[in-house]
Amino acid sequence: MGDKPKYYLTTPIYYTNGLPHIGHTYSTIVCDTIRRYKRMRGFDVVMTTGTDEHGVNVERSAQKAGVPESEYVAKMAAEWKKLWDELGLQADEFVRTTDLKHAHTVQWLFKLCRENGYIYPGHYTGQYCIYDNAYVDVKAGEACPDCGRPTETVTEANFYFKLSAFQKPLLDFYKKNPHFIQPDTRRNEILSFVEGGLRDLSITRTSIRWGIPVPGEEKHVFYVWFDALSAYLTAVGGPNYAQRGYWPADLHLVGKEIIRFHAVYWPAFLMAAMLPLPEQIWAHGWLLMDNSKMSKSVGNVVRPRPIVDVLGMDALRYYLLRETVFGQDGNFSYEALIQRYNSDLANGLGNLASRTAALVEKYFAGRVPKPAALEPQDEALAKETQTAIAEVLEQYEAFGFSRALERIWSVVAAADKYLTSEQPWAGGTTDAEQSRRAAVLWTTAELLRAVVVLAHPVLPDCTVKVWTLLGAPGKIGAQDLGSLAWGGLAPGTALGKSQPLFPRIEKKEAQERMEAMENEAQNAPSPVGASAAAATPAAGTAPVAAGTVAGTAPAATEKIGIEDFTKVEMRVGQIKTAERIVGADKLLKLTVDIGTEIRQICAGIAQFYEPEKLIGRKVAVVVNLAPRKLRGVESNGMIVAASVGPEGRPVLAGFPDEDVEVGARLR
Ligand code: MSP
C-alpha cells in the first residue's frame, strides 16, 4: 500500500451463541462506513471483525444444541461471516477466538503481563453473570446490576491481574489523551469508575473448560474478556504486530455496554505488557425496539436479511446512520424505515438521478452538455454544494453520520427546487433555450456527482450506479474525498447504463413483507442442533414453549432445585377469543381467562390451530412472565405446548380427561 498512512479499526468480536440482529449489524455498518470513508481520504485501512467463541455461555449453548463446542462455534462463526459477506460488510480480517494463532496471542500477552509482575495466583468467590461474562458486585441470589439476569456464585482458583496498580496510570493517560474515550458522556462515566478505585481482576478460570489454556497451568483457561480483547492484536500479527505495522489500533468501535472492558481493562492489559495503546474507543448507543435494547434475551430482535431483501442494503445503512445520532440510542421502527426509504431515497436521490439522466438523454443525446453561460442561480447552487462538501467532511471526521447525511440531502433538496424553478423540460429547442438547458443540466449532473461521492461511504451500492449512469471515469470508491471540488464532470461525457435505484414501495405492503420474513426467520431452526433456538427463545417462538417446558429437546444436563421450579407460575387458563395477526402468519392473538383476570397472549401456533376451534379450550399458561411485544402486539404470558417432530409442531398441553377449574395452579 506504499506510503499511505495506516488506519486500523475494529468492530466488537461478537459472541457466537446467537446470530446477528440489526444491533450487531449497526456496529458493523458503522465500521464499514468509516473504513470506506478513510480509504477515500487516502488511508491504507484495515478493518477487523470476528467471533468470540469461548466462555460458559457458548459451552451451555453447545450442550443444549447437543453438539461439541468446536462444532457449534464453527457453524455459528460461518453464519456470521456469511451474513457479513452477503451484506457487503467485508472486513479485511475476521478473527475467530478459537483460531490457533489467536491462542498464541493470548498466551503471549499473559506471559508479558506475568513477566512484568502484574499477575499473581489466588482464589476468588463472587457472583458471576454468565450473560455479560463478568463478575458483578452483588450478593448471592441478586441479579446482575447491568443486565438484570440471575447471577451465579462462583469460587475458583485463578490468576489475578493487578488492575489496582493501573488506577493512576490510566487516569494520567485519560488526561493526556482527552479523546481516547468518546463520546464525552462515556468518558465521564469511565473517569468516575476509575477514580472510585480499581480492584484486581481474576483473568483465568478453573470452573469452565471451554477456553484457551493458560500455559503450564492445565486446569486454567483464560477469562473470555482477556481472550476476546486480544483478538484485536491477533488480527494484525499478534506477537509479530510490528511487522505489519497496523498496531496500535486507531479505533475500537463498541456498543456502550462494553465500554469498561475496552477503556479500562484493555489499556491496563496493554500497559502491563508494555504494548502501545489504541488511539480511541468510541461507544455508540443502542438500537431500541419498543423502548428496550434490542437483544436476543429480551426477544425483540429484528434481523437484517428481511429488510435487505425488501428494501436493499443501502436503505438499511441509510436509515440506521441517518435516524440515530451516533453515540445516542435510537429507536427502530419499520414505519420510519420505509418512510425514509420513500422520501429520501426513492423520491430524493433516486428521482433526482433518473430525472436528470432522462433529460440529458432527451435533449443532448445522452451526453453531458457544456454550459456556455452560467446564471447566478447556477452559481449559487455550485457554491452551496461546495460549502456542503466542506461541512460534510467535517461531520464525517467527527463520525457525525446523521448530520453528514442531513447536509448531503439538503443539497439534493436544493437541486430539486432548482429543477422545479428552472424547468429544463419546458420550452423548445432554440439555441438560447438549449444553452440555458445545458447550463441547468450540467449543474444538476455535476451536483449529483458530488452528492454520490460524498454519500458513497454510507451508500456503497446506489452511488456506484449513479456514478456509472453519469459516465464518470474510474471507480467511485477510489475518489479522493479530500480533493472533491465543484466542476469535475467533463462536458461531452456519455451517460452510462441506467439501473434501477430505489423503486417506490407501498408502506403497508413493504412492512407486511418484512415482518412476515422476520417471523419466518425467527421460527427457522437454528443452524446448529435441533434445540439451539429453544435454548434462547426468539420472539416468534417464545409464546409456545417449544422444548423448554415440554418437548422433544434433549434433557438439560443441569438439575434445578424445586425453588427454581416454583418461580414459574403456571395456571389453568381458558381461551376466550383467538384471531390471526396481520403480517405474522405464525402468531395467534388470544385472550385467556386465568381465573383472576383476562390476559392477552400471543402464541406461535397459527399454522397448526384454527383460531375458532380454540375458543373455550383449557390450556396451561405461564402467568408470571414479563410482558413483551411480538410483532407489535403485547403478549402477557405464555401458553405451554409440546414441540413435536423435527419441525417442532406445537401441541397444546391441556386437560382433556378431568374438568379443571380455571385459575388452578400447576405444580
Ligand atoms: N463478545 C463481546 C465483545 C468482545 S469485544 C473484544 C460482546 N459480543 S456481542 O455479540 O454481545 O456484541 C455486542 C455488540 O453488538 C455491542 O457492543 C454492540 O456493538 C452490538 N449490539 C448488540 N446489540 C445492540 C443493540 N441493540 N444496539 C446497538 N448495538 C448493539 O459483547
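Residues numbered from 1 in each chain as written. Predicted model: local features only at pLDDT ≥ 70, side-chain atom pairs only at ≥ 80, totals over all residues. Heavy atoms only, no water.

Trainee: Tell me what's going on with the overall build of the protein chain, and back it up with residues and numbers.
Mentor: Assigned secondary structure in the protein chain consists of 21 helices and 26 strands. Against the 2.2 N^0.38 benchmark of 26 Å for 667 residues, the protein chain shows a C-alpha radius of gyration of 29 Å, consistent with a compact globule. Reported as C-alpha extents along the three principal axes, the dimensions of the protein chain are approximately 90 × 70 × 40 Å. Per-residue burial for the protein chain yields a buried fraction of 53% across its 667 residues. Here the contacts in the protein chain between residues at least 6 apart in sequence split such that 74% fall between residues at least 24 apart. (Helix = DSSP H or I, 4+ residues; strand = E, 2+ residues; numbered from the N terminus. Rg over C-alpha atoms; globule rule 2.2 N^0.38 Å. Buried < 20%, exposed > 50% of the residue type's maximum accessible area, 1.4 Å probe, protein only. Contact = heavy atoms within 4.5 Å.)

Trainee: Tell me what's going on with the sheet that holds strand E14 (residues 287-289), and back it up with residues and numbers.
Mentor: Spatial ordering of the open sheet is given by E15-E14-E16, a layout of three strands whose pairing is mixed. For this open sheet the edge positions go to strand E15 (292-293) and strand E16 (330-331), each flanked by a neighbour on one side alone. Where E14 and E15 come together, two bridges link them in antiparallel fashion. Bridge assignment links methionine 289 to a residue of E15, and that residue is serine 292. (Pairing = 2+ DSSP bridges.)

Trainee: How would you explain the site of the ligand if you had to name every residue and give the values?
Mentor: Around the ligand, a shell composed of 23 residues is seen, among which Ile13, Ser27, Asp52, Leu287 and Met294 lie nearest. Between an oxygen atom of the ligand and a side-chain N or O atom of serine 27, the distance comes to 2.5 Å. Glycine 255 is positioned such that a nitrogen or oxygen atom in its backbone is 2.9 Å from an oxygen atom of the ligand. Its free accessible area being 670 Å², the ligand has 95% of it covered by the protein chains. Mapped onto the shell around the ligand, the elements with two or more residues apiece are strand E1 (6-15), helix H1 (22-40) and helix H7 (224-229). It is E1 that provides the largest number of residues to the shell around the ligand, a total of four residues. Each residue belonging to the shell around the ligand can be placed in one class, and the counts come to twelve nonpolar, eight polar and three charged. (Near = heavy atom within 4 Å. Polar contact = N/O pair within 3.5 Å; in protein donor to acceptor, adjacent residues only side chain to side chain. Areas by Shrake-Rupley, 256 points an atom, 1.4 Å probe, with all protein chains shown as cover. Nonpolar A, V, L, I, M, F, W, Y, C, P; charged D, E, K, R; others polar.)

Trainee: Provide a residue-level description of the packing of aromatic side chains, including the pertinent values.
Mentor: Under the defined criterion, the tally for this structure stands at 35 aromatic pairs. Considering the side-chain rings of tyrosine 7 and phenylalanine 43, the 5.8 Å spacing of their centres and the 65° angle between planes classify their relative orientation as edge-to-face. A residue pair is termed long-range when its members are at least 10 positions apart, and tyrosine 7 in strand E1 and phenylalanine 43 in the loop between H1 and strand E2 (44-52) qualify at 36 residues. With centroids separated by 5.7 Å and ring planes inclined at 90°, the aromatic side chains of tyrosine 319 and phenylalanine 332 adopt a geometry described as edge-to-face. Placement of tyrosine 319 in helix H12 (residues 313-323) and of phenylalanine 332 in the loop between E16 and helix H13 (334-364) is noted, with a sequence separation of 13 residues between them. For tyrosine 319, a relative accessible area of 2% puts it in the buried group. (Phe/Tyr/Trp six-rings, centres within 6.5 Å; stacked < 30°, edge-to-face > 60°.)

Trainee: An account of the packing of H1 against H12 is needed here, citing residue identities and associated values.
Mentor: At a minimum axis distance of 10 Å, the contact between H1 and H12 shows a crossing angle of 95°. Put simply, H1 runs roughly perpendicular to H12. Contacts between H1 and H12 involve Ile22, Thr25, Tyr26, Ile29, Val30, Asp32, Thr33 and Arg36 from the former and Met313, Leu316, Arg317, Leu320 and Leu321 from the latter. Partitioned by chemical class, the residues of the contact of H1 with H12 number eight nonpolar, two polar and three charged. (Axes fitted to C-alpha atoms, helices over the stretch in contact; angles between N-to-C directions. Parallel < 35°, antiparallel > 145°, perpendicular 65-115°, else oblique.)

Trainee: I'd love a proper account of the packing of helix H2 (residues 56-65) against helix H3 (residues 69-86), names of residues and values included.
Mentor: Between H2 and H3, the shortest axis-to-axis distance is 9 Å and the interhelical angle comes to 100°. Taken together, the axes of H2 and H3 lie roughly perpendicular to each other. Within the contact between the two elements, H2 uses Val58, Glu59, Ser61, Ala62 and Ala65 and H3 uses Glu69, Tyr72 and Val73. A class-by-class count of the residues in the contact of H2 with H3 yields five nonpolar, one polar and two charged.

Trainee: Can you explain the environment of leucine 501? Please cite residues and give values.
Mentor: Positionally, leucine 501 belongs in the loop between helix H17 (460-469) and helix H18 (507-523). As for leucine 501 and lysine 465, which are separated by 36 residues in sequence, their C-alpha atoms are 7.5 Å apart. Leucine 501 has contacts with Gly350, Ala353, Cys462, Lys465 and Val466, leaving out every residue within four places of it along the chain.

Trainee: Which residues make up the pattern of salt bridges, and what values go with them?
Mentor: Counted according to the given criterion, the structure contains 36 salt bridges. Across the pair arginine 407 and glutamate 384 runs a salt bridge whose closest N-O atoms are separated by 3.1 Å. You can see arginine 407 sitting in helix H15 (residues 401-422) and its partner glutamate 384 sitting in helix H14 (residues 376-397), a full 23 residues away along the chain. The partly exposed category is assigned to glutamate 384, whose relative accessible area is 27%. Residues participating in the shared-partner salt-bridge network are Asp32, Arg35, Arg36, Arg39, Asp92 and Arg317. (Salt bridge = Lys/Arg side-chain N within 4 Å of Asp/Glu carboxyl O.)

Trainee: I'd love a proper account of the nonpolar core, names of residues and values included.
Mentor: Ranked by size, the top nonpolar core spans 103 residues in total, and within it Ile307, Leu311, Phe332, Tyr396, Ile408, Trp409 and Met514 carry the most contacts. Considering every element that reaches this core, the biggest residue donor is H13, with 15 residues. Looking at this core, you find at least three residues from each of domain 1 (6-305) and domain 2 (333-483). Residues in contact with isoleucine 408, not counting those within four places in the same chain, are Val392, Tyr396, Val451, Leu454 and Ala455. (Core = buried A, V, L, I, M, F, W, Y, C linked by side-chain atoms within 4.5 Å. Domains from an automatic or database assignment.)

Trainee: Got a sec to walk through the pairing of strand E19 (residues 598-603)? Specific residues and values, please.
Mentor: Pairing geometry for strand E18 (residues 584-593) and E19, over six bridges, is antiparallel. Along E19, the bridge assignment pairs aspartate 593 with isoleucine 598. Taking the residues that link successive antiparallel strands as the turn, the E18-E19 hairpin has four residues, and the phi of glycine 595 there is positive, at about 100°.

Trainee: Break down the environment of glutamine 511 for me, with residues and values.
Mentor: The topology assignment puts glutamine 511 in helix H18. Ignoring sequence-local partners within four residues, the contact set of glutamine 511 consists of Tyr334, Glu335 and Ile338.

Trainee: Can you break down the side chain of glutamine 127 residue by residue, with the values?
Mentor: Assignment of secondary structure puts glutamine 127 in strand E4 (residues 119-129). Judged by relative accessible area, glutamine 127 falls into the buried class, the value being 5%. In this structure the side chain of glutamine 127 is engaged in a polar contact, spanning 2.9 Å, whose partner is the side chain of threonine 151. Discounting residues that sit within four places of it in the chain, glutamine 127 has contacts with Ala134, Tyr135, Val136, Val138, Lys139, Ala140, Gly141, Thr151, Glu152 and Thr153.

Trainee: Any chance you could break down the sheet that holds strand E9 (residues 204-205) for me, citing the residues and the numbers?
Mentor: In a beta sheet, neighbouring strands are held together by backbone hydrogen bonds and run either parallel or antiparallel to one another. Within the open sheet, the three strands sit side by side as E9-E11-E10. Their pairing is antiparallel. The open sheet has two free edges, formed respectively by E9 and strand E10 (213-214), since each of these has just one partner strand. Taken together, the two bridges between E9 and strand E11 (residues 217-222) define a ladder with antiparallel strand orientation. The residue of E11 that forms the bridge with arginine 205 is valine 221. Its contacts with the sheet place helix H4 (residues 100-115) against E9, E10 and E11, and it is angled at close to 100° to E11.

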